[in-house]
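Inside the fold
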Amino acid sequence: MSEPIVVNLACCNNINCATITLKPNATTVLHGMNGSGKSSVAKAIQLYSGDGGQTLEVLKPYASESLPSVEGLPSNANILVFNEDYVDSTLFKGDMELIENGYKIFVDTPEYRKAAKETDELLADAVKRLRDEGKVAELLSTVNNLLSCFGKVSKQTYSKVSPIAKGIVSKGNLVEHISPKFGSFTPLIQGDNAKEWLQWRDKGGKYNSRGVCPYCGKVLEQSDLETGNEMQAVYGGKYIDNCTKTIATFGEADVLLSENARVQADAILHGKLKEEPNPENEAFLACIKADAEGLKAKLEKIQQLNYSFLKDEEKDADYFEGLKIHVERLEKMNSQFAVERINSINEVLDELSSKVREIQRAIGRQSSALGKSINASMAEMNAFLESAGFPYEISIASPDGSRCAVSLKPRGLEMNVEDLKSHLSYGERNSLAIALFSAQVKSEKPDMVVLDDPISSFDQNKKYAILQRLFSKSKGVCKGITSLLLTHDFETLIMIGKVHKALLCDSSCFYARNDGGELFLIPVEDDDFNSAVQCFKAIVASDASLPYRVAFARRAVEIAYGKSPAWHVLSSLLHQREVATLNEQELTDEEWKEAWKQLEEIGFKDFNYQDLLTQLGTAELLSVYDQEPSPVEKICAFRLLAANNADEMSQVSNRAHVDEAVFEFANEYFHIENLMAYQFDPVKFNTVPAGIIETCDKLIAGFKRQCEQRADADN
């Protein structure tokens, strides 16, 4: 069996130090209150693993000189973390796209990879030869560049706004053949920075209105101004660019042209336009364009000899024969270099044609595997979403077998949900997020999974469905994976550690408590999951402080008997009434008899109202508070002091600017509303937040001072 993984964290937000022991290939649950540092644990592990796009330093506590650290995790481990960052960075990448790596999660199964590999291997030699011998990519790039000089046209040889039309064809090569009247500009027109110079000159032209050179301040003759403006009209705009591009592009295509075609191209590119464009030149360029378009049409298909392209074609021998390039049909682009490349390409196509049956079978197997992957993923995900009560289902499409689109649609309707972030509620987004995360876990099979409060906001049926999906013994996606689940939700802990434990993967549960920055983990054993009545009875029968015992005795009575005579007796005691009352009347003998029986059944033996009442006075309660009992016992004593000395405590509270939430928290220990069927021993697990006790300490100290001042005044 693998050794436990001991993770040590230091200086991560509100955690000064923490040691978390993870059982390999099992689930560790950390339950704790909000603010105990659970999310910091998840974030620290996420950043340590290299995910999140940040470093651990973002967790550095304020006013601390020490840097955050995480130690003990396996090096180079693949760790998936579910938290708010996962939802923000991975999900809802577009208005309709659910997840950015859907292909890897839903399509790229081992079965599909095997089928795709067979197809790739069958075509691999052909693809390599087309690349290395046929130079398909280079040829296609050259042809595309050449056609770009002709512009976007259908019937005409070239567009009127194309580089050819706006440059050499309309004016000739005026860069090499400069008019004598522009002779003084020759070094600039033929210079490397001619384009930039002309742009600068054009911008400065408005400063010539007074006949002064904008560069040197020299007074210009009118003839100089006119010559300069005329030169600007000829060479300005994009003429230089158009000439340069056309010459460079034809130069790149030079290797494809026959000897005669090269000579004719040079004459056009480097010649001087005499009058109107030459019809022979027009015809030549039309042939060049036709050859280029023919090559482009064939090369584009040849370059796509892969599953994505072939699965939608009739893949028989005639198909590959139809892809062959007939060099005899090329009038101008038939140089020796071009012929050699084309022959190499055609040889490959002949070989593919000879094994077309084998290719057809491989394509068929890959298509079948693709369909199975998609259908299985959709069926599994949608069954889970339905079991969790989610009113939507996902749709998966992979048109080319290498990419994937995952969208959402209302269950039973053939329409996609648009604007996902706005359309889905907070709970629906979280439900979908954890569903997609579970699919990613199943696909990637990481070394470790961390889940930061994944289900606390859901109702019970969703919680159960998600826990089954994640941790089911039979087919949970986290089965056999070292997992850390952090939650503040007690119900989640009960479901994993008690109610559904037999159905879920091996787990260890802990209660996480942050005391002054040190995170303590208290093991939660099976016998710690007691029913509320069991827990309350144990408290009543213990030797704990009286306020604590009475408060929980009333809880136990209310759960077992409702607001019975025993409940009213205990309420009267807590309110320090001289006699026990029910509906503002003293209890009858019959009611007392029933009350004593109920009190005895919950463990309150030899109950004597008057004796107990004397132990709940202000002095006695202060004594209990000062004896440093457990925080929960202090909170019970505080509750009685606050209730029975309301005016004085209110004055102290107002001076200390204490929020009423402290009193409300204390009051909760005297009622059972919203309690669940199970609860922890509140002393063992110290479930009172440290800040509450600190505030109570402050209030009690102020109350004591006020009592002392009043006593001194009376004397």
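Refer to the structure above for everything that follows.
Residues numbered from 1 in each chain as written. Predicted model: local features only at pLDDT ≥ 70, side-chain atom pairs only at ≥ 80, totals over all residues. Heavy atoms only, no water.

Turning next to the packing of helix H11 (residues 239-252) against helix H12 (residues 259-270). Following both chains from N to C, one finds H11 and H12 inclined at 170°, their axes separated by 11 Å at the closest point. Taken together, the axes of H11 and H12 lie roughly antiparallel to each other. Packed against H11, whose contacting residues are Thr-246, Ile-247 and Phe-250, the element H12 presents Ala-265, Leu-269 and His-270 at the interface. Classifying every residue of the contact of H11 with H12 by side-chain character gives 4 nonpolar, 2 polar and no charged. (Axes fitted to C-alpha atoms, helices over the stretch in contact; angles between N-to-C directions. Helix = DSSP H or I, 4+ residues; strand = E, 2+ residues; numbered from the N terminus. Parallel < 35°, antiparallel > 145°, perpendicular 65-115°, else oblique. Contact = heavy atoms within 4.5 Å. Nonpolar A, V, L, I, M, F, W, Y, C, P; charged D, E, K, R; others polar.)

What follows is about the packing of aromatic side chains. One pass over the structure, following the stated rule, counts 14 aromatic pairs. Summarising the aromatic geometry, the rings of Phe-82 and Tyr-86 are spaced 5.7 Å apart at their centres and angled 45° between planes, so their arrangement reads as tilted. The exposure class of Phe-82 is buried, given its relative accessible area of 5%. What makes Tyr-86 buried here is its relative accessible area of 6%. Centroid distance Trp-592 to Tyr-609: 6.3 Å. Interplanar angle 80°. Geometry classified as edge-to-face. Of this pair, Trp-592 sits in helix H25 (residues 589-601) while Tyr-609 is found in helix H26 (residues 609-614), placing the two residues 17 residues apart along the sequence. Members of the aromatic cluster, connected to one another through ring pairs, are Phe-82, Tyr-86 and Phe-437. (Phe/Tyr/Trp six-rings, centres within 6.5 Å; stacked < 30°, edge-to-face > 60°. Buried < 20%, exposed > 50% of the residue type's maximum accessible area, 1.4 Å probe, protein only.)

Residue position: Asn-83 is located in the loop between strand E5 (79-82) and helix H2 (84-90). A distance of 3.0 Å separates a polar atom in the side chain of Asn-83 from a polar atom in the side chain of Gln-46. Engagement of the side chain of Asn-83 in a polar contact is seen with the backbone nitrogen of Asp-85, the distance being 3.1 Å. Not counting chain neighbours up to four residues away, the residues in contact with Asn-83 comprise Gln-46 and Asp-452. (Polar contact = N/O pair within 3.5 Å; in protein donor to acceptor, adjacent residues only side chain to side chain.)

Don't take any of this as a statement about function, it's just geometry.
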